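Examination of the molecular architecture
In case you want the letters, here they are:
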Amino acid sequence: MTLRAVVEGIGHYLPERIVPNAEFEKTLDTSDEWIRTRSGIERRRFAAEGQSTSDLAVNAARAALAHAGLSPQDIDGIVVATSTPDLTFPSVATMVQKELGMAHGFGFDVQAVCAGFIYAMTTANALILTGQARRLLIIGAETFSRIMDWTDRSTCVLFGDGAGAMILGAQDGTGETSDRGILSSDLNSDGRYREMLYVDGGVSTTGNAGKLRMQGNPLFRQAVEKLTSTAETALEKIGLSGPDVDWIVPHQANIRIIQGTAKKMGLPMDRVIVTVQDHGNTSAASIPLALSVGVEQGKIKPGDLLVTEAIGGGLAWGSVVLRW
Ligand code: ACO
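The text that follows walks through the structure, step by step, so that each part is easy to find. Everything numeric in this text was worked out from a predicted model, so none of it was measured.

1. With respect to the pairing of strand β3 (residues 43–46)
Residues Arg 44 and Phe 46 point to one face of β3 and are all buried, whereas Arg 43 and Arg 45, pointing to the other face, are not buried. Judged from the four bridges that link them, strand β2 (residues 17–20) and β3 form a sheet pairing that is antiparallel. The residue of β3 that forms the bridge with Arg 17 is Phe 46.

2. Focus: unusual backbone geometry
Cis rather than trans, the peptide bond between Phe 89 and Pro 90 has omega equal to 5 degrees. By the secondary structure assignment, Pro 90 is in the loop between β4 (77–81) and α4 (92–99). Residues Gly 314 and Leu 315 are joined by a peptide bond in cis, for which omega reads -10 degrees. Positive phi values are uncommon outside glycine, yet Val 113 reaches one of about 50 degrees. You can see Val 113 is positioned in the loop between β5 (106–110) and α5 (116–129). Given a relative accessible area of 17%, Val 113 falls into the buried group.

3. Some details on the packing of aromatic side chains
As enumerated under the stated definition, the model contains three aromatic pairs in all. Ring plane angle 15 degrees and centroid distance 6.2 Å describe the contact between Phe 106 and Phe 108, whose orientation is recorded as stacked. Residue Phe 106 is classed as partly exposed on the basis of its relative accessible area, which comes to 28%. A ring pair is formed by Phe 144 and Phe 159, whose centres lie 5.4 Å apart and whose planes are at 25 degrees; its orientation type is stacked.

4. Things to note about the site of the ligand
The immediate surroundings of the ligand are formed by 27 residues, with Thr 30, Arg 38, Cys 114, Asn 217 and Asn 254 found nearest. In this structure, Trp 34 approaches the ligand through a side-chain N or O atom, which is 3.4 Å from an oxygen atom. In the environment of the ligand, an oxygen atom lies 2.6 Å from a nitrogen or oxygen atom belonging to the side chain of Arg 38. Starting from 1,000 Å² of accessible surface for the ligand in isolation, the protein chains cover 75%. Residue assignment for the shell around the ligand shows that the elements contributing at least two residues are α2 (32–39), α6 (153–156), α7 (216–236), α8 (255–264) and β12 (305–312). In terms of residue count, the dominant contributor to the shell around the ligand is α7 (four residues). Per-class residue counts for the shell around the ligand are 14 nonpolar, nine polar and four charged.

5. A few points about the environment of Arg 4
By the secondary structure assignment, Arg 4 is in strand β1 (residues 2–13). When its relative accessible area of 11% is taken as the criterion, Arg 4 is described as buried. Remark: the alpha-carbon pair of Arg 4 and Arg 256, spanning 252 residues in sequence, is separated by 34 Å. Apart from residues no more than four positions distant in its own chain, Arg 4 is found in contact with Leu 129, Gly 169, Ala 170, Gln 171, Gly 173, Gly 175, Glu 176, Asp 179, Arg 180, Ile 182 and Leu 183. Of note is the side chain of Arg 4, whose polar atom sits 2.8 Å from the side chain of Asp 179.

6. Quick word on the packing of α7 against α8
Packed helices, taken two at a time, are described by their axes: the angle between them and the distance between them. Interhelical geometry of α7 versus α8 gives an angle of 40 degrees and a closest axis separation of 9 Å. Judged by the angle between their axes, α7 and α8 are oblique. The hand of the α7/α8 crossing is right-handed. Residues Phe 220, Ala 223, Val 224, Glu 225, Leu 227, Thr 228 and Glu 232 of α7 form the contact with α8, whose participating residues are Arg 256, Ile 257, Gly 260, Thr 261 and Lys 264. Within the contact of α7 with α8, the residues separate by chemical class into five nonpolar, three polar and four charged.

How each quantity is defined
- Residues numbered from 1 in each chain as written.
- Predicted model: local features only at pLDDT ≥ 70, side-chain atom pairs only at ≥ 80, totals over all residues.
- Heavy atoms only, no water.
- Buried < 20%, exposed > 50% of the residue type's maximum accessible area, 1.4 Å probe, protein only.
- Helix = DSSP H or I, 4+ residues; strand = E, 2+ residues; numbered from the N terminus.
- Pairing = 2+ DSSP bridges.
- Phe/Tyr/Trp six-rings, centres within 6.5 Å; stacked < 30°, edge-to-face > 60°.
- Near = heavy atom within 4 Å.
- Polar contact = N/O pair within 3.5 Å; in protein donor to acceptor, adjacent residues only side chain to side chain.
- Areas by Shrake-Rupley, 256 points an atom, 1.4 Å probe, with all protein chains shown as cover.
- Nonpolar A, V, L, I, M, F, W, Y, C, P; charged D, E, K, R; others polar.
- Contact = heavy atoms within 4.5 Å.
- Axes fitted to C-alpha atoms, helices over the stretch in contact; angles between N-to-C directions.
- Parallel < 35°, antiparallel > 145°, perpendicular 65-115°, else oblique.
- Left-handed = near helix turned anticlockwise from the far one by under 90°.

Structure below.
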């Protein structure tokens with residue numbers, strides 16, 4: 001028998017305020033047409049004043065618990081992927097723990113920017129397989145609207161706020177790729193690419209949160225190549241390849257990156273979950289949001305083989321293969 005970390009529930013939360021592309025035309029030299037054709041984004045959500053990352057995370061967590069039919073008492077620990085925490089510390093995870101009324105277990109945050117949920121799933125899988133926990137709540141939650149430079153048209157039109165949550169529980173499997181749960185993962189980073197995507201502030205440098213800076217075009221080219229390679233590596237580790245996959249659930253940064261990666265993997269777009277038009281780039285929240293919407297739309301079904309992949313600041317990138 002082989003222990004597996006199996007998805008027991010999924011859920012998401014989006015802030016109420018919907019911001020269509022046209023809204024940026026009022027203040028920037030940009031257009032709905034440019035944003036749509038270059039990125040695939042049509043609208044995004046922005047958190048309300050006073051609404052923080054942990055608020056979004058708690059709502060997503062409650063949705064995932066309801067989907068799984070579980071209560072916070074059933075959860076052993078919380079892992080939150082975020083680059084936009086409420087405070088420098090404590091972690092968003094401990095804030096969620098308190099809001100859920102949990103006086104037991106543990107919580108911590110992981111930070112790998114847009115690849116954060118891939119790193120969080122991989123970490124949670126390891127904790128479950130090594131017996132540290134039987135059931136974990138993993139959340140990707142972001143308020144990137146708080147680190148936008150609203151005068152920079154090349155970045156501020158691309159990002160949105162939101163949260164998605166997943167519950168992973170220990171279950172016995174056979175060790176075969178027909179098992180449900182996380183089957184494989186592949187993590188990478190390369191700090192030499194720092195200038196391509198970073199935030200120009202921080203605790204030990206400027207003392208403030210800073211604003212996001214990005215070299216979009218070179219990053220675009222890195223993204224297609226690295227996302228394809230990490231997805232294929234994670235599949236190869238378990239003797240599978242592109243055609244075995246039912247759904248690619250990619251990081252939602254740009255429809256052209258999503259299309260380029262699917263094409264390189266030899267998969268048609270009707271096997272890809274796409275939410276970028278409605279959410280924009282929600283960084284670490286992007287994959288759990290897409291998973292939750294894919295399930296809600298009746299696309300992702302129990303037994304389907306999924307490959308999730310993401311790349312972000314660092315650069316950090318990776319992939320997780322799982323059977324739903
Ligand atoms: N409206 C109108 N024109 C614009 C806008 C805008 N909002 N933004 C840029 N432009 C202009 C540029 O100034 C440039 O003009 P120029 O040719 O006169 O210099 C022109 O449009 C083309 O710019 P490019 O940057 O070459 O456009 P590109 O086709 O590369 O698209 C984009 C830009 C959408 C940013 C794309 O490069 C991209 O998606 N990159 C990757 C983003 C990504 O994957 N990020 C990783 C994850 S994010 C994270 O980790 C936080």
